[in-house]
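Chain and residue survey
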Amino acid sequence: MRSIHFLGFFVLGTVAATAAGCGGDDEGVGGQGGAGGAGGATSSSTSSSTSSSVTTSTSSGGDETDQNDSIETAESIEIDGDAVQATLEPVDADQDFYSFTGTKGQALYILTDAKPEEDERDPAYPDLVVSLLDAQGKQIARNDDPPQGGNDSRLITVLPADGDYYLLVEECTSALGQDSCTPAEDIENFDYALGITLLDPAAADDDSLIEDKEPNDEAAQALPLHYEALADETGYYTTFLFGSFESATDVDVYSFTLPEAPAAENGLRATLVTSAPPGAEGSGSTVDVSEIAVFDAADLTTPYAKVDPSKGGSIEVPVKVGEAAEYLVFVKRPQGDVGANDFYILLHNRVAIDGLEAEDLTNNLATTPEGDLSSFGLAGGGIAYVVDGQLADGLTPDADHYAIPVPEGADETWKVSAFCSAQRHGSGLREFTVTLLNGDGTELGEGYTATENETTDLAIAGVDLPASPAEGRLLVKVSAGTPAEDVTSRSYDCTFGYLPAD
């Protein structure tokens, strides 16, 4: 028998609303693993103000055959009940089914846990996929990897009707095919845990769950978003906002004012991220969110930031903080009929800016690039540099240049990457472009430049490091085309990094 496993249902975890868009590539630049538990099927959710820890024991698996391989033999699981501990064997083909009874309108957080705390992407543990099926066995929602990172599935959904439901848990290879997944033969531990938590804003004893309440169609009716401080007061739990569209023309309006404490040396970003796309391969919602627009409450003429989440965008922009800095958020749906379950879930938080552009007056030339960027180490011996900047409007287009020193001992077998966001994080910058240059400002050729648009992330992923970088560095040129007239923000955020070859 294995030691007792723990699956903590830390629902509102410090899911610190990912600063997505600047990280998360296979080369490891910009993304860092979350929390978890050693040995698989252990606690990998982060802590919460409303947690209910569940403990069970299970064998290590390998020679046992479960009896829940079909809907007809589904194992019962309770909402807010004990976590189920189970094993996928064979890991690349086993399908485990679970049944529960739910009520129309219930918001559920369905959590799985297989990866260890030390590495939420460890290939020696299953990469789980969880699917929600209706009473007839039709898939209505699914999650592979959650927006906050890692491989342990986290499905947040709202049930469309009273009745019986099923959960299907399987490894990525079984669910999506071997071409989409890490090789199943690398998996050495087959255990996992599964649980369901009810998210009920009306019954919550903290401010981390917010429910859309009509009427809130106009600025004067804005519903305020709240913040629940972590126990150590180093930050705040992610605020979960549950909204719905009551008509084809419904617009929901919210307000927020980011707390000043704890202080952030380089300022804060406000984040508003949809929990998942709609439909059977996402949250199960029958409608998309077509626009999230953020206004400075002092000026409602032009949005400060705006994105279309249906095209992959999210709000992640620098904002003012304190009681005098109020912002309004307008959430819209596309034109069309109201569906059977037109809900949305937004994750909101404040994120500290790690590195801020400091030499805007001089970094517009390759001969005077800005250096001394904020940096952090990467697994495998690499290093990443991060910066949040602005491209100012003017008769002469602004361009920013940064110097990123090549790590000592790096050679042409190393890889260099750049991941940036502007338009897809709500900025008014358009045709946002990053070009990697040699240390003397000369071009490196094809593959060393990338441009963002509304539907495409800006990613230069793992290109070769030049054999002899000039001055022991590379330069990064950041530029853009004509900005949008209907969005005032000119912000961008970037991560640049070096990694040795595998």
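Counting of residues starts from 1 at the beginning of each chain's written sequence and follows it residue by residue. Residue-level local features of this predicted model are given only where pLDDT is at least 70; pairs of side-chain atoms are given and counted only at 80 or more, and the full residue set underlies all totals for whole chains, interfaces and linings. To obtain the side-chain values, all non-hydrogen atoms of the structure were used and water was disregarded.

1. Remarks on a negative patch on the surface
Put simply, the rule is: Surface patches are defined over residues having more than 30% relative accessible area and no salt bridge, joining like charges when they lie within 9 Å and nonpolar side chains (Val, Leu, Ile, Met, Phe, Trp, Tyr) when within 5 Å. Every accessible area reported is derived by Shrake-Rupley at a probe size of 1.4 Å, with residue values counting cover from the shown protein chains alone. A side-chain nitrogen of Lys or Arg and a carboxyl oxygen of Asp or Glu constitute a salt bridge if their distance falls within 4 Å. Counted charges follow a simple rule, with Lys and Arg positive, Asp and Glu negative, and His plus the chain ends left uncounted. Note that the charge is assigned to NZ on lysines, CZ on arginines, CG on aspartates and CD on glutamates. The secondary structure listing takes helices from DSSP runs of H or I that are at least 4 residues long and strands from runs of E that are at least 2 residues long, numbered from the N terminus.
Taken together, Asp92, Glu185, Asp186 and Glu188 make up a surface patch of like negative charges. Residue position: Asp92 is located in the loop between strand E4 (84-87) and strand E5 (95-102).

2. Some remarks on the sheet that holds strand E28 (residues 458-464)
Working definition: the strands of a sheet are paired by backbone hydrogen bonds and lie parallel or antiparallel to each other. Convention followed: At least two bridges found by DSSP between two strands are what make those strands a pair. Interaxial angles span 0 to 180 degrees and are taken between N-to-C directions of axes, which are lines fitted to C-alpha atoms, for helices over the stretch in contact.
Taking strand neighbours across the sheet as the criterion, the five strands line up as E22-E23-E30-E25-E28 in an open arrangement whose pairing is antiparallel. Every other strand in the sheet has two partners, leaving strand E22 (374-377) and E28 as the edge strands with one partner each. Neighbour-to-neighbour, the strand axes of the sheet open up by a mean angle of 15 degrees, direction not taken into account. Taken together, the seven bridges between strand E25 (residues 415-421) and strand E30 (residues 491-499) define a ladder with antiparallel strand orientation. Among the inter-strand pairings, Ala418 is bridged to a residue of E30, identified as Phe496.

3. Here we look at the side chain of Asn189
Threshold: Distance and chemistry together define a polar contact, namely a pair of N or O atoms within 3.5 Å, with one atom able to donate a hydrogen and the other to accept it when in protein, and with adjacent residues in sequence counting only for side-chain atoms on both sides.
On the secondary structure map, Asn189 appears in the loop between helix H1 (172-176) and strand E11 (191-199). At 3.0 Å, the side chain of Asn189 and the backbone nitrogen of Asp191 are in polar contact.

4. Points about the state of the cysteines
When the sulfur atoms of two cysteines share a covalent bond, that bond is a disulfide. Heads up, the condition is: Note that a disulfide, as used here, is simply two cysteine sulfur atoms within 2.5 Å. When a residue's accessible area, from a 1.4 Å probe over protein chains only, is under 20% of the maximum for its type it is buried; when over 50% it is exposed; and in between it is partly exposed.
On inspection of all chains with the given rule, the structure shows two disulfides. Shown here is the disulfide that connects Cys172 with Cys181, its sulfur atoms set 2.0 Å apart. Taking the sign of the torsion about the S-S bond as the criterion, the disulfide between Cys172 and Cys181, at about -75 degrees, is left-handed. When its relative accessible area of 1% is taken as the criterion, Cys172 is described as buried. Sulfur-sulfur distance for the disulfide between Cys420 and Cys494 comes to 2.0 Å. Measuring handedness by torsion sign, the sulfur bridge of Cys420 and Cys494 sits at about 120 degrees and is right-handed. Linking Cys420 in strand E25 with Cys494 in strand E30, this pair joins segments that are 74 residues apart in sequence. An identical accessibility class is assigned to Cys420 and Cys494; each is buried. Ordering the disulfide-forming cysteines of the protein by sequence position, one finds them joined as 1-2, 3-4.

5. Some remarks on the sheet that holds strand E14 (residues 239-244)
The strand order across the open sheet formed by five strands is E12-E14-E21-E16-E19, and the pairing between neighbours is mixed. Each edge of the open sheet is held by one strand with a lone partner, namely strand E12 (209-211) and strand E19 (315-319). Within this sheet the neighbouring strands show an average axis-to-axis angle of 20 degrees, counted without direction.

6. What to know about empty space enclosed by the protein
Empty space among the atoms becomes apparent when a probe as large as a water molecule is rolled across them. Keep this limit in mind: Two kinds of site are reported from a 1 Å grid over the protein atoms alone, namely cavities, where a 1.4 Å probe fits but cannot get out, and pockets, open sets with protein on both sides within 12 Å along at least five of seven lines, and residues are called lining when an atom falls within 4 Å of a point. Grid points are joined across faces, edges and corners, and a volume is the space filled by probe spheres set on the points.
Scanning the model with the defined rule gives three cavities of 30 Å³ or more in all. Its boundaries defined by the atoms lining it, the largest cavity holds a volume of some 80 Å³. If you trace the largest cavity, you find 13 residues lining it, with Pro147, Arg154, Leu155, Ile156 and Ser275 closest to the centre. Secondary structure elements with two or more residues in the lining of the largest cavity: strand E8 (139-143) and strand E9 (154-158). Among the elements that take part in the lining of the largest cavity, E9 stands out by supplying three residues, more than any other.

7. A few points about the layout of surface pockets
Quick reminder of the rule: Three classes are used: nonpolar for Ala, Val, Leu, Ile, Met, Phe, Trp, Tyr, Cys and Pro, charged for Asp, Glu, Lys and Arg, and polar for all others, with Gly counted as polar.
There is about 380 Å³ of room inside the second largest pocket. Together, 22 residues line the second largest pocket, and Gly105, Val158, Glu211, Ser244 and Phe343 are the ones closest to its centre. When residues of the lining of the second largest pocket are traced back to their parent elements, those giving at least two are E11 and E14. Of the residues assigned to the lining of the second largest pocket, the class counts are 11 nonpolar, six polar and five charged.

8. Structural notes on the pairing of strand E17 (residues 291-296)
Most of E17 is tucked away: five of the six residues are buried. Here three bridges tie E17 to strand E18 (residues 305-307), and the two strands are oriented antiparallel to one another. Counterpart to Val294 in the pairing with E18 is Ala305.

9. Looking at unusual backbone geometry
Each neighbour pair has its own omega, and for Glu89 with Pro90 the value is 0 degrees, a cis peptide bond. Relative to the assigned elements, Pro90 resides in the loop between E4 and E5. The peptide bond linking Ala261 to Pro262 adopts the cis configuration, its omega dihedral lying at -5 degrees. Here Pro262 is to be found in the loop between strand E15 (251-256) and strand E16 (268-274). Unusually for a residue other than glycine, Glu233 sits at a positive phi of about 60 degrees.

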